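Listed below are the residues making up each chain.
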Amino acid sequence: MHVTKWICYATGYVFIISGMMKLINPDFREIFAGIGLPFPEVILLLVALVELGCGMLIAGRMYMYVAVAPLLFIMLGALYFTKVPLIGTTGFLNFAFQARLDIVLVIMLLLIWQYARGLKAT
């Protein structure tokens, strides 16, 4: 099996599970409210639905070129709002540790985007 399929399956899996947890776990309401974003419950619902839907598209290897952009936006927002502040409070090493999955997912999304762009060109 080609490595790109595994990258799509793994990335899709992470976002599907993340989206489902945001929908069923009430702790995420407090997390989103604590970030200081306007309308945290609406944003939480939108993020959960985008993660779930785009994660399924990527896992199914369909419309990957379209599905990657919203997930990249979410991941960059998550890094900015939840991980970057750690640099000032707990230091770079703790930031690097806490942001490890986010950074890996950004890299995987960029790889999927590059692969999907190649498919679109042919």
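I will try to describe carefully the structure that is included in this document. (Residues numbered from 1 in each chain as written. Predicted model: local features only at pLDDT ≥ 70, side-chain atom pairs only at ≥ 80, totals over all residues. Heavy atoms only, no water.)

1. Some thoughts on the pattern of salt bridges
Link 1 in the chain: Applying the stated criterion to the full structure yields 2 salt bridges.
Link 2 in the chain: The shortest N-O distance in the salt bridge between Lys22 and Glu51 comes to 3.1 Å. Of this pair, Lys22 sits in helix H1 (residues 3–24) while Glu51 sits in helix H3 (residues 40–59); the two residues are 29 residues apart in sequence, bridging distant segments of the chain.
Link 3 in the chain: By relative accessible area, which is 3% here, Glu51 ends up buried.
Link 4 in the chain: Lys83 is the partner of Asp102 in a salt bridge, and the nearest nitrogen-oxygen pair spans 3.4 Å. Taken together, the positions of Asp102 in helix H7 (residues 100–121) and Lys83 in helix H4 (residues 64–83) put the pair 19 residues apart, joining distant regions of the chain. Each member of the pair, Asp102 as well as Lys83, is classed as buried. (Salt bridge = Lys/Arg side-chain N within 4 Å of Asp/Glu carboxyl O. Helix = DSSP H or I, 4+ residues; strand = E, 2+ residues; numbered from the N terminus. Buried < 20%, exposed > 50% of the residue type's maximum accessible area, 1.4 Å probe, protein only.)

2. Overview of the nonpolar core
Link 1 in the chain: Phe15, Ile58, Val68, Leu71, Met75, Leu109 and Ile112 are the most contacted members of the largest nonpolar core, which has 21 residues in total.
Link 2 in the chain: For this core, the elements supplying multiple residues, two or more each, are H1, H3, H4 and H7.
Link 3 in the chain: Looking at this core element by element, the count peaks at 7 residues for H4. (Core = buried A, V, L, I, M, F, W, Y, C linked by side-chain atoms within 4.5 Å.)

3. Notes on a nonpolar patch on the surface
Link 1 in the chain: A surface patch of nonpolar side chains, about 750 Å² in accessible area, is lined by Tyr13, Ile17, Met20, Met21, Leu23, Ile24, Leu45 and Leu49.
Link 2 in the chain: Looking at the nonpolar patch, the elements that each hand over two or more residues are H1 and H3.
Link 3 in the chain: Among the elements that make up the nonpolar patch, the one with the highest residue count is H1 (6 residues).
Link 4 in the chain: With respect to the element layout, Met21 can be found in helix H1.
Link 5 in the chain: Residue Met21 is classed as partly exposed on the basis of its relative accessible area of 33%. (Patch = residues over 30% accessible without salt bridge, like charges linked within 9 Å, V, L, I, M, F, W, Y side chains within 5 Å. Areas by Shrake-Rupley, 256 points an atom, 1.4 Å probe, with all protein chains shown as cover.)

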